[in-house]
Amino acid sequence: MAGIRGKDTKPELIIRRGLHALGFRYRLHARDVPGKPDLVFPRFQAVIMVNGCFWHRHDCHLFRMPSTRPEFWSAKIGRNVERDSLVQRQLAEAGWRKLVVWECALKGRTALGPETVVTKIAQWLPGTEAACEIRGTI
Ligand SMILES: [Zn+2]
């Protein structure tokens, strides 16, 4: 998913390293899965998206509409959010389970710490819960 710009953004790397260290194996940005998720775990029929809070209009302290060219940004981010819901439907129809890690869980004053995030993911992956979100503390 074109969320955070650039593929190897830091929060995603933290998650990848942590999961790999726990023995989880995954595919990166698989083109044949709706939304080209950041991480795909075929064995668990699960995907992980690492969402930038600004680009995906998260209701948290990391999102604030820019004061310059607000119409431009509002339209641009609105399209991202629309695409998110489309991808969500496509994933669900194809039987994928989905976990979203929000940037605020990994960065800034609400961060949970990488170990906590990785632990939560590691608990969710082998389970049956269809959807999950990990966000910063509120
Ligand atoms: Zn957030």
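The structure this text deals with has already been given above.
Residues numbered from 1 in each chain as written. Predicted model: local features only at pLDDT ≥ 70, side-chain atom pairs only at ≥ 80, totals over all residues. Heavy atoms only, no water.

Turning our eyes to something else, we now look at the pattern of salt bridges. Enumeration over the complete set of coordinates arrives at 4 salt bridges. A salt bridge links Arg27 to Asp32; the nearest nitrogen and oxygen atoms lie 3.1 Å apart. By relative accessible area, Arg27 is classed as partly exposed at 36%. For the salt bridge of Lys107 with Glu103, the shortest nitrogen-to-oxygen distance reads 3.0 Å. In this structure Glu103 comes out as buried when scored by relative accessible area, which is 14%. (Salt bridge = Lys/Arg side-chain N within 4 Å of Asp/Glu carboxyl O. Buried < 20%, exposed > 50% of the residue type's maximum accessible area, 1.4 Å probe, protein only.)

Positive phi outside glycine occurs at His29, with the angle close to 50°. Although it is not a glycine, Lys36 adopts a positive phi angle of roughly 45°. Within the secondary structure, Lys36 is located in the loop between β1 (27-28) and β2 (39-41). The exposure class of Lys36 is partly exposed, given its relative accessible area of 27%. (Helix = DSSP H or I, 4+ residues; strand = E, 2+ residues; numbered from the N terminus.)

Right, let's get into the coordination of the zinc ion. Only Cys53 (SG), His58 (ND1), Cys60 (SG) and Cys104 (SG) from the protein coordinate the zinc ion, and they sit 2.0 to 2.4 Å from it. What the 4 donor atoms of the zinc ion show is an angle range of 104 to 115° at the metal, which sorts the shape as tetrahedral. Written as a sequence motif, the donor residues of the zinc ion are C-x4-H-x1-C-x43-C. The pair Cys53 / His58 is uniform in exposure class, with both members buried. (Donors = N, O, S within 2.8 Å, 3.2 Å for Na, K, Ca; no water. Tetrahedral: all angles 85-135°; square planar, octahedral: opposite > 155°, others 65-115°.)

Turning our attention to the environment of Pro70. Inspection of the secondary structure assignment puts Pro70 in helix α2 (residues 70-93). Among the residues examined, Pro70 registers a relative accessible area of 32% and is labelled partly exposed. Pro70 sits 41 residues away from His29 along the chain, and the two C-alpha atoms are 30 Å apart.

For α2, built from 24 residues, the straight-helix expectation of 34 Å at 1.5 Å per residue is met to within 8% by its first-to-last C-alpha distance of 35 Å. Tucked into the core, α2 has its buried residues touching β3 (46-51) and β4 (97-102). Immediately downstream of α2, the backbone of Gly95 shows phi near 85°, a positive value. (Expected span 1.5 Å × (residues − 1). Contact = heavy atoms within 4.5 Å.)

The subject of this paragraph is the environment of Gln88. Counting through the fold element by element, Gln88 comes out in helix α2. Sequence separation between Gln88 and Val50 is 38 residues, and the spatial gap between their C-alpha atoms is 14 Å.

Taking 1.5 Å of rise per residue, the 12 residues of helix α1 (residues 10-21) would be expected to cover 16 Å, and the 17 Å separating its terminal C-alpha atoms lies within 8% of that figure. The complete set of buried residues in α1 reads Pro11, Glu12, Ile15, Arg16, Gly18 and Leu19. In the core, the buried residues of α1 are packed alongside β1, β2, β3, β4 and α3 (114-124). Within two residues after α1, Gly23 carries a phi angle of roughly 100°, on the positive side.

A separate point is the packing of α1 against α3. Running from N to C, α1 and α3 cross one another at 60°; their axes reach a closest spacing of 9 Å. What the angle tells us is that α1 and α3 run oblique. Remark: the crossing between α1 and α3 carries right-handed chirality. Residues Ile14, Ile15, Gly18 and Leu19 of α1 form the contact with α3, whose own contacting residues are Pro114, Val117, Val118, Ile121 and Ala122. (Axes fitted to C-alpha atoms, helices over the stretch in contact; angles between N-to-C directions. Parallel < 35°, antiparallel > 145°, perpendicular 65-115°, else oblique. Left-handed = near helix turned anticlockwise from the far one by under 90°.)

No statement about biological role is implied by the geometric values presented.
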